[in-house]
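# Inside the fold
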Amino acid sequence: MTETITTLPTLSPSRAADFKTCPLLYRFRSIDRLPERPTPDQMRGTLVHAVLEALFEEPAGGRTPERAAALVAPQWQRLVETEEGLADLFADVEGFLESSRELLGGYFAVEDPNRLEPAEREAYVQAEVDGKLVIRGYVDRLDVSPAGDIRVVDYKTGGAPREAFEARAMFQLKFYALVLWRTRGVVPKVLRLMYLKDREVCDFSPDADELARFERTLLALWQAIERATEERDFRAHPSRLCGWCAHQALCPAFGGTPPPFPERATVTLPLVTDEEPPTGRDE
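Note that the structure is predicted; figures quoted are calculated from it, not measured. (Residues numbered from 1 in each chain as written. Predicted model: local features only at pLDDT ≥ 70, side-chain atom pairs only at ≥ 80, totals over all residues. Heavy atoms only, no water.)

### Considerations on the side chain of Gln 42
- Along the polypeptide, Gln 42 turns up in helix 4 (residues 40–55).
- A distance of 3.0 Å separates the side chain of Gln 42 from the backbone nitrogen of Thr 39, its partner in a polar contact. (Helix = DSSP H or I, 4+ residues; strand = E, 2+ residues; numbered from the N terminus. Polar contact = N/O pair within 3.5 Å; in protein donor to acceptor, adjacent residues only side chain to side chain.)

Structure, rendered in structure tokens:
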């Protein structure tokens, strides 16, 4: 990591999507840094991702639905031991664990993990954009073919209106595709969304021209964030996604009042202090 990168502002796909969805939500999360208690849906996503990562530690042939189901309880215990308060999140822990096992069954309905060997799992990726911004995040899985083709895989466990959620998810994958193109010189062959609840797969194949346009879009988005920060003007943008927001009590759209704007607020955060993922997957 170079000194230049560590002094540049950073942006993750989650925070970029926050600003696109609702500038005030971006402020609450990135500038005010208001705490958010993870929701059951977010924790279910975190647990399922942890199980799928652990499943690929098993040798090919041993990655079975039964083995995945057996990993649920110990992976949940590991999360409980590392994050205070999770044990009190559910009145029916066993029901929560069983619903996670059902989602894992959806995974096996769309893919046989014994037939592939991921090149990377939970891979942290970052790239500098035009000397102005570092974009970074965690990729669920990268598959690389013998010919060098890259497939970016993202597991989705649901929790938001499908049309809005899918647009946000594809935005996230384009974000990762841009990072990989800039750092490895290869445009990913396939961006794959795996909807475990619906047992569906959505594939998209980007090209270099599209990623170049997306890069310009990100730079314009960052300029808008900088302008909003300078003017201290982050406005609420009500939508159907408000039903999932943890900050309605502070939102003017719901009769609330945001806290005073931090005097030393800055969005040029050091890379090492602004990493993903948070506790609870944003899914």
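From this point on, the discussion continues.
### Concerning the environment of Val 144
- Take Val 144: it is sitting in strand 3 (residues 133–144).
- You can call Val 144 partly exposed: its relative accessible area is 42%.
- In sequence terms Val 144 and Ala 119 are 25 residues apart; their C-alpha atoms lie 5.9 Å from each other.
- Val 144 has contacts with Ala 119, Asp 149 and Ile 150, leaving out every residue within four places of it along the chain. (Buried < 20%, exposed > 50% of the residue type's maximum accessible area, 1.4 Å probe, protein only. Contact = heavy atoms within 4.5 Å.)

### Some details on the packing of helix 4 against helix 5 (residues 65–82)
- Where helix 4 contacts helix 5, the two axes come as close as 9 Å, and the packing angle between them is 120 degrees. By the angle between their axes, helix 4 is oblique relative to helix 5. Crossing handedness for the pair helix 4 and helix 5: right-handed. Here helix 4 contributes Met 43, Thr 46, Leu 47, Ala 50, Val 51, Ala 54 and Leu 55 to the contact with helix 5, which in turn contributes Arg 67, Ala 68, Leu 71, Val 72, Gln 75, Trp 76, Arg 78 and Leu 79. (Axes fitted to C-alpha atoms, helices over the stretch in contact; angles between N-to-C directions. Parallel < 35°, antiparallel > 145°, perpendicular 65-115°, else oblique. Left-handed = near helix turned anticlockwise from the far one by under 90°.)

### Remarks on the nonpolar core
- Core analysis: the largest hydrophobic core is formed by 47 residues, its most contacted members being Phe 19, Ile 135, Val 152, Leu 218 and Phe 234.
- Put simply, the parts of the chain that give this core at least two residues each are helix 2 (13–21), helix 3 (23–31), strand 2 (120–129), strand 3, strand 4 (150–156), helix 7 (162–184), strand 5 (190–195) and helix 8 (208–231).
- Of all the elements, helix 7 adds the most residues to this core, at 11 residues. (Core = buried A, V, L, I, M, F, W, Y, C linked by side-chain atoms within 4.5 Å.)

### Quick look at the confidence of the model for the protein
- Counting all residues, the mean pLDDT for the protein is 88, and 88% of those residues have values of 70 or more.
- Averaged over each element, pLDDT in the protein is lowest for helix 1 (residues 3–7) (49) and highest for helix 3 (97).
- Overall, residues 1–5 carries pLDDT values under 50, and its contacts beyond four positions in sequence, including any with other chains, amount to 8 contacts. (pLDDT = per-residue confidence, 0-100.)

### Considerations on the pairing of strand 5
- Judged by how many residues are buried, strand 5 sits mostly within the fold: 6 of 6 residues are covered.
- Where strand 4 and strand 5 come together, 6 bridges link them in parallel fashion. What sits directly across from Asp 154, in strand 5, is Leu 193.
- Linking strand 5 back to strand 6 (residues 200–204) in an antiparallel pair, the connection comprises 4 residues, with Arg 199 at a positive phi of about 55 degrees. (Pairing = 2+ DSSP bridges.)

### Topic: the packing of helix 2 against helix 3
- Between helix 2 and helix 3, whose axes approach to 5 Å, the crossing angle comes to 140 degrees. Between helix 2 and helix 3, the interaxial angle falls into the category oblique. Residues Arg 15, Asp 18, Phe 19 and Thr 21 of helix 2 lie in contact with helix 3, whose contacting residues are Pro 23, Leu 25, Tyr 26, Arg 29 and Ser 30.
- A breakdown of the residues in the contact of helix 2 with helix 3 according to their chemical character gives 4 nonpolar, 2 polar and 3 charged. (Nonpolar A, V, L, I, M, F, W, Y, C, P; charged D, E, K, R; others polar.)

### Some details on helix 6 (residues 93–110)
- Here helix 6 spans 27 Å end to end across 18 residues, near enough to the 26 Å set by a 1.5 Å rise per residue.
- Listed in full, the buried residues belonging to helix 6 are Phe 96, Leu 97, Ser 99, Ser 100, Leu 103, Leu 104, Gly 106, Tyr 107 and Phe 108.
- The inward-facing, buried residues of helix 6 abut helix 4, helix 5, strand 3, strand 4 and strand 5. (Expected span 1.5 Å × (residues − 1).)

### A look at the pattern of salt bridges
- On inspection of all chains with the given rule, the structure shows 21 salt bridges.
- Note that Glu 36 is salt-bridged to Arg 29, the shortest N-O span being 2.7 Å.
- Between Glu 120 and Arg 184 there is a salt bridge whose closest N-O contact spans 2.8 Å. Of the two residues, Glu 120 is situated in strand 2 and Arg 184 in helix 7; the sequence distance between them amounts to 64 residues.
- The network of salt bridges with shared partners includes Arg 15, Asp 18, Arg 29 and Glu 36. (Salt bridge = Lys/Arg side-chain N within 4 Å of Asp/Glu carboxyl O.)

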